[in-house]
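Examining the three-dimensional arrangement
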Amino acid sequence: MNATDRLADWRPAILTDVDAIYGIQCIVHAEYPEAREVLLERLELCPAGCFVLEKGGVVSGYVLSHPWRRLSPPPIDTRLGAIPAGADSWYLHDLALLPGTRGSGAGAKVATLLAERARRDGYQTLALVSVNGSQGFWERQGFSVHQDETLAAKLSGYGNEAVYMERDLAGADRR
């Protein structure tokens, strides 16, 4: 990583970031795009779980996350309506980094940031659906695959490589 790369940092996302978030999503997740309104709703429902990676005023990555129910990832490209009353896990909806940003350590940094946020809010599990061959990255962040027969139908919209993963935040693993 060069000195210029170190100037990029995660900051809380704001509503005016939604166009940049949408643009990055269209590049990184072109095969599974979500409507701008879906991304905006995630930001509106849980601003404390949404961040953008910014360098010199240019957004080059984002993460959207929020409380949700374990073993029940929301369908892709679907508005949630509200955070469910029975939310028992912090759900990492999407982490997307532009190609030039990957390998900079930004993904690992925001994974730690989200784990701290979830712990602070009383959640013992951080969950996500790994897509686009990212399972190895998430395993290095302390996540493990959780297989359950009921998940197959829920993962079908996420693509062939989709894997539901969780990270225990209550155990000894405090990455």
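The notes below deal with the structure included here. Note that the coordinates shown come from a computational prediction; the quantities given were computed from them, not determined experimentally.

This part covers the nonpolar core. In this structure, Trp10, Val63, Trp90, Leu92, Leu95 and Trp138 are the most contacted members of the largest nonpolar core, which totals 24 residues. Listed by contribution, the elements that provide at least two residues to this core are β2 (50–55), β4 (89–97), α3 (106–120), β5 (125–130) and β7 (163–168). The dominant element in this core, judged by the number of residues it contributes, is α3, at six residues. Ranked by size, the runner-up nonpolar core spans twelve residues in total, among them Ala13, Val28, Val59 and Tyr62.

As a further point, take α3. Between its terminal C-alpha atoms α3 stretches 21 Å, which fits the 21 Å expected from 15 residues at 1.5 Å a residue. Considered for burial, the residues of α3 that qualify are Ala106, Gly107, Val110, Ala111, Leu114, Ala115, Arg117 and Ala118. With its phi angle positive at about 90 degrees, Gly122 sits one or two positions after the end of α3.

Further remarks concern the sheet that holds strand β1 (residues 9–12). On the basis of which strands lie adjacent, the open sheet formed by seven strands has the order β1-β2-β3-β4-β5-β7-β6 and mixed pairing. A single partner strand is all that each edge strand has here, and the edge strands are β1 and β6 (144–145). Summarising the sheet, β1 and β2 pair through four bridges and their orientation is antiparallel. Of the residues in β2, the one forming a bridge with Asp9 is Glu54. Strands in contact with helix α2 (residues 36–45) are β2, β3 (58–68) and β4; relative to β3, the strand with the most contacts, it is inclined by about 65 degrees.

Considering all chains together, one arrives at three aromatic pairs under this definition. Pairing Trp90 with Tyr123 gives two aromatic rings, centres 5.6 Å apart and planes at 70 degrees, and the pair type is edge-to-face. Of this pair, Trp90 sits in strand β4 while Tyr123 sits in the loop between α3 and β5, and the two are 33 residues apart along the sequence. Of the two residues, Trp90 and Tyr123, both sit in the buried class. The interplanar angle of 75 degrees and the centroid separation of 5.3 Å between the aromatic rings of Trp138 and Phe143 together place this pair among those described as edge-to-face. For Phe143, a relative accessible area of 3% translates into the label buried.

The rules we used
- Residues numbered from 1 in each chain as written.
- Predicted model: local features only at pLDDT ≥ 70, side-chain atom pairs only at ≥ 80, totals over all residues.
- Heavy atoms only, no water.
- Core = buried A, V, L, I, M, F, W, Y, C linked by side-chain atoms within 4.5 Å.
- Buried < 20%, exposed > 50% of the residue type's maximum accessible area, 1.4 Å probe, protein only.
- Helix = DSSP H or I, 4+ residues; strand = E, 2+ residues; numbered from the N terminus.
- Expected span 1.5 Å × (residues − 1).
- Pairing = 2+ DSSP bridges.
- Contact = heavy atoms within 4.5 Å.
- Axes fitted to C-alpha atoms, helices over the stretch in contact; angles between N-to-C directions.
- Phe/Tyr/Trp six-rings, centres within 6.5 Å; stacked < 30°, edge-to-face > 60°.

Nothing here speaks to function; it is all geometry.
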